[in-house]
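Architecture and fold: a report
The residues making up each chain are set out below.
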Amino acid sequence: IGAGVATIALAGAAVGIGNVFSSLIHSVGRNPSLAKQLFGYAILGFALTEAIALFALMMAFLILFVF
């Protein structure tokens, strides 16, 4: 049960990644000349959000297989 509850954070990370890229599309639509710079920021946001997801998945696996 604990490992299942720990994977709920993965849904939050998925929403966060969706927000990052939807903001990228919205921002490029408003100002296409900044697309390259905004894409770099989006990749940074994606990487940080994905790191949180990987930490949550690691905790779920630790709960499942260690304890």
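Residues numbered from 1 in each chain as written. Predicted model: local features only at pLDDT ≥ 70, side-chain atom pairs only at ≥ 80, totals over all residues. Heavy atoms only, no water.

It is worth spelling out the overall build of the protein at this point. Across its full length, the protein carries 3 helices and 0 strands. What you see in the protein, going N to C, is helices and strands ordered as α-α-α. Against the 2.2 N^0.38 benchmark of 11 Å for 67 residues, the protein shows a C-alpha radius of gyration of 16 Å, more extended than a compact globule. Over its C-alpha atoms, taken along the principal directions, the protein stretches across nearly 50 × 15 × 5 Å. Expressed as a percentage of the 67 residues in the protein, the buried residues total 18%. (Helix = DSSP H or I, 4+ residues; strand = E, 2+ residues; numbered from the N terminus. Rg over C-alpha atoms; globule rule 2.2 N^0.38 Å. Buried < 20%, exposed > 50% of the residue type's maximum accessible area, 1.4 Å probe, protein only.)

Okay, the environment of M59 next. Its location among the elements puts M59 in helix 3 (residues 35-65). C-alpha separation for the pair M59 and A6, spaced 53 residues apart in sequence, amounts to 6.9 Å.

Time to look at the UniProt feature "domain: V-ATPase proteolipid subunit C-like" (unreviewed entry) in the protein. If you check UniProt for "domain: V-ATPase proteolipid subunit C-like" (unreviewed entry), the listed places come out as residues 1-63 in our numbering. The span residues 1-63 shows a helical share of 90% and a strand share of 0%, and its end C-alpha atoms are spaced 9 Å apart. (UniProt positions renumbered as here; feature names shortened; annotations may be inferred.)

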